[in-house]
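# Observations on the three-dimensional arrangement
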Amino acid sequence: MNVNVMNVDYSTKIPNNVNLSEDRQVLKALEGWHPGYIDWWHDMGPEGFQQSLVYLRTAYSVDPRGWAKFDYVKMPDYRWGILLAPQEENRVVPFGEHFGEPAWQEVPGEYRAMLRRLIVIQGDTEPASVEQQRHLGKTAPSLYDMRNLFQVNVEEGRHLWAMVYLLQKYFGRDGREEADELLRRRSGDADSPRMLGAFNEKTPDWLSFFMFTYFTDRDGKMQLHSLAQSGFDPLSRTCRFMLTEEAHHMFVGETGVGRVVQRTCEAMREAGIDDPNEVARVRALGVIDLPTIQKKLNLHYSLSLDLFGSEVSTNAANAFNAGIKGRYHETQIEDDHRLQNSTYPVLKLVNGEIKRVDEPALTALNMRLRDDYTQDCAKGMLRWNKVISTAGIDYRLTLPNTAFHRAIGEFKDVHATPEGVLIDDAAWQKRKSDWLPSIADGDYVASLMQPVMDVGEFASWIAPPKVGIDNRPGDFEYVKIET
Ligand code: BYC
């Protein structure tokens, strides 16, 4: 491990551990990009609270034993920095046609376009999520939750910086142009939308935010893991450090949904309601009924599955062959890491039925990553279901079938129930509001979104967390709101 890259240089305008002060050209490009970023943050970052002091963590090192410090910061003063995990000595390309060759420190010419595309797609998602979440501060269910939202937002901003650094350092003029485009596209904009579907959807309320951080940030985790395997070493190192921050985002999602479920179960028990499908009675308690939570889950999981691309993809095969994008935990997998002769079972439509069919493993890489993702999703759900069963309520949250509500890949042209039964358009239209949030469900959840900004207080529909951030007590003032 190279000790020099552990600590971050705060003397330049852009904190970094990549020796920017001696890399004048890149420093200049980044400093040139900085004002546009700050404008974007003011226009499209969190609405309001920009002058509030927020108890945020800022990365000061990339040492896994202690990399962040917590302090009150005004969001626009957050030090967005460029941090790469330490360079591993003698690292080799861990998969594909170049397996075993030294990892690249510069962009290999033949893979330039492919690499740039992947970096741009990754970069595009980061500001998109900030845009999607920008109005949520105003309806935060507590100061604790508001702080977590803003933490996620500033770190997604930092992840944008991470990708922009790669573009500006390694891709010259077209990299700089792409960096500018990242600030120009807007989530949900009719003329200039973000690149991937889920990042143009609305995040209308806090339950959606928690589902997004659980399901969509977890796609981020899987994609970052795959890129962290890259033979292009600077990308690998960047993604490795981003994963450190990403863990908190998924924690916010998992505990957020868990706390909503817990509050609903507590309220049902107190009111003596056993049947979770008595939606009107449960809603009268000011909590979110379990069937609506399931519908939100169906929506966010299916939108997130689309982010893996088509089940069978030559793009994915090419990126793997090139040594640019690997598999989840590539180096821990025991095989030849070339996949020239192996197969992988892929879900496909065969004579109107959903079946697993063996495909060449190389073209099936998106499917494989998506399978790894589904397994990862299922883990946290066990905890949510434990809360429900402990409360003695007969209900289980489940992941819908992969064919349900898809816009990308094998199932995009069919309709399927959450159980995976194919149905026709008429049946889908009739039943879809049983499976996805209806306007009425959205209105009800929206009606609960009343801000709670008193220290240590929480909205009626969500339980307090078990522990505070940075071990702070329950009555800690996570955001000092300016008056
Ligand atoms: N929407 O071979 P195909 C995160 C396009 S999230 C729109 O099926 P491929 C985060 C595709 O571009 C992680 N278009 O797929 C989370 C291609 O178009 P072109 C973000 C789509 O290329 C929360 C065509 O369809 N990172 O970090 O194998 C908060 C055929 O493509 C979509 C990455 O995604 C879609 N959903 O895989 C903040 C990693 N899917 O080129 C942040 C980088 C496919 O023919 N990206 N298309 O015009 C990739 O690895 C791959 O590009 C994808 C697609 C997985 C996205």
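Here, the structure is the one placed above.
Throughout what follows, the structure given in this document is the object of discussion. The residue numbers shown here count from 1 along each chain, following its written sequence. The predicted nature of this model means local features are confined to residues of pLDDT at least 70 and side-chain atom pairs, given and counted, to a pLDDT of 80 or more, with totals for whole chains, interfaces and linings taken over all residues. Computation of side-chain values covers all heavy atoms of the structure but excludes hydrogens and water.

### Brief notes about the site of the ligand
Which entries qualify depends on this criterion: Here a residue counts as near a molecule or strand whenever at least one of its heavy atoms sits within 4 Å of it. What qualifies as a polar contact is a pair of N or O atoms within 3.5 Å, subject to a donor-acceptor requirement within protein and to the restriction that residues adjacent in sequence count only when both atoms come from side chains. All accessible-area figures derive from a Shrake-Rupley calculation using a 1.4 Å probe, and residue coverage is judged against the displayed protein chains alone. Secondary structure follows DSSP: runs of H or I at least 4 residues long count as helices, runs of E at least 2 residues long count as strands, and numbering of each begins at the N terminus.
The immediate surroundings of the ligand are formed by 29 residues, with Gln-122, Ser-310, Ser-313, Lys-325 and Asn-366 found nearest. Here Thr-125 contributes a side-chain N or O atom positioned 3.4 Å from an oxygen atom of the ligand. Take Asn-366: an N or O atom from its side chain is 2.9 Å from an oxygen atom of the ligand. Coverage of the ligand by the protein amounts to 79% of the 1,000 Å² it exposes when considered alone. Every element with two or more residues in the shell around the ligand is listed here: α2 (112-132), α5 (206-228) and α9 (314-321). Ranked by the residues each element gives to the shell around the ligand, the list is headed by α2, at 7 residues.

### Quick look at the nonpolar core
This is how the line gets drawn: To form a nonpolar core, buried Ala, Val, Leu, Ile, Met, Phe, Trp, Tyr and Cys residues must be joined to one another through side-chain atoms within 4.5 Å. Exposed residues in this analysis have more than 50% of their type's maximum accessible area, buried residues have under 20%, and partly exposed residues fall in between, with area computed by a 1.4 Å probe over protein chains only.
One finds Tyr-165 and Trp-461 to be the most contacted residues of the largest nonpolar core, which totals 111 residues. For this core, the element with the highest residue contribution is helix α3 (residues 143-170), accounting for 16 residues. One finds Ala-317, Val-346, Leu-362 and Met-367 within the second-largest nonpolar core, a separate group that totals 16 residues.

### A look at the pairing of strand β3 (residues 343-350)
For clarity, the threshold we go by: Strands qualify as paired when DSSP identifies two bridges or more between them.
Pairing of β3 with strand β4 (residues 353-360), which is carried by 8 bridges, proceeds in the antiparallel orientation. What sits directly across from Leu-347, in β4, is Arg-356. Between β3 and β4, which pair antiparallel and follow one another directly, the connecting turn spans 2 residues, one of which, Asn-351, has a positive phi of 50 degrees.

### A word on α9
To keep things clear, this is the line we draw: Residue contacts follow a heavy-atom distance rule, with two residues in contact if any of their heavy atoms lie within 4.5 Å.
Listing the buried residues of α9 in full gives Ala-316, Ala-317, Ala-319, Phe-320 and Asn-321. Packed against the buried residues of α9 are α2 and α10 (365-390). If you check the start of α9, you find a side-chain oxygen 3.3 Å away from the backbone N of Asn-315, and it comes from Ser-313. One or two residues past the end of α9 sits Gly-323, with phi positive at roughly 80 degrees.

### Regarding the state of the cysteines
Definition in use: Disulfide assignment relies on a single distance test, namely cysteine sulfur atoms paired within 2.5 Å.
By the definition in use, this model includes 0 disulfides. As a non-bridged cysteine, Cys-377 has Cys-239 as the owner of its nearest cysteine sulfur, 19 Å distant.

### Quick word on the pattern of salt bridges
Test applied: Throughout this description, the term salt bridge denotes a Lys or Arg side-chain nitrogen within 4 Å of a carboxyl oxygen of Asp or Glu.
Scanning all chains against the criterion turns up 36 salt bridges. Between Lys-412 and Asp-413 there is a salt bridge, with the nearest N and O atoms lying 3.8 Å from each other. What makes Lys-412 partly exposed here is its relative accessible area of 44%. For Asp-413, a relative accessible area of 68% puts it in the exposed group. For Arg-431, the salt bridge identified is with Asp-434, shortest N-O distance 2.8 Å. Taken together, the residues span about one helical turn, with Arg-431 and Asp-434 both in helix α11 (residues 425-435) at a distance of 3 residues. Residue class for Arg-431 comes out partly exposed when judged on its relative accessible area of 39%. Residue classification places Asp-434 among the partly exposed residues on the basis of a relative accessible area of 42%.

### Focus on the side chain of Asp-205
The residue Asp-205 is located in the loop between α4 (172-184) and α5 in this model. There is a polar contact of 2.7 Å between the side chain of Asp-205 and the side chain of Lys-296. Setting aside its immediate chain neighbours within four residues, Asp-205 contacts Leu-136, Lys-296, Val-445 and Met-449.

### Quick look at the sheet that holds strand β2 (residues 68-74)
In a beta sheet, neighbouring strands are held together by backbone hydrogen bonds and run either parallel or antiparallel to one another. Worth spelling out the cut-off: Here the axes come from fitting lines to C-alpha atoms, over the contacting stretch only for helices, and the angles between their N-to-C directions go from 0 to 180 degrees.
Pairing is antiparallel across the open sheet formed by 3 strands, whose spatial order is β2-β1-β7. The open sheet terminates on both sides in strands that have one partner only, identified here as β2 and β7 (479-480). Packed on one face of the sheet, α3 meets β1 (53-59), β2 and β7 and runs near 40 degrees to β1.

Keep in mind that these numbers describe shape and distance, not what the molecule does.
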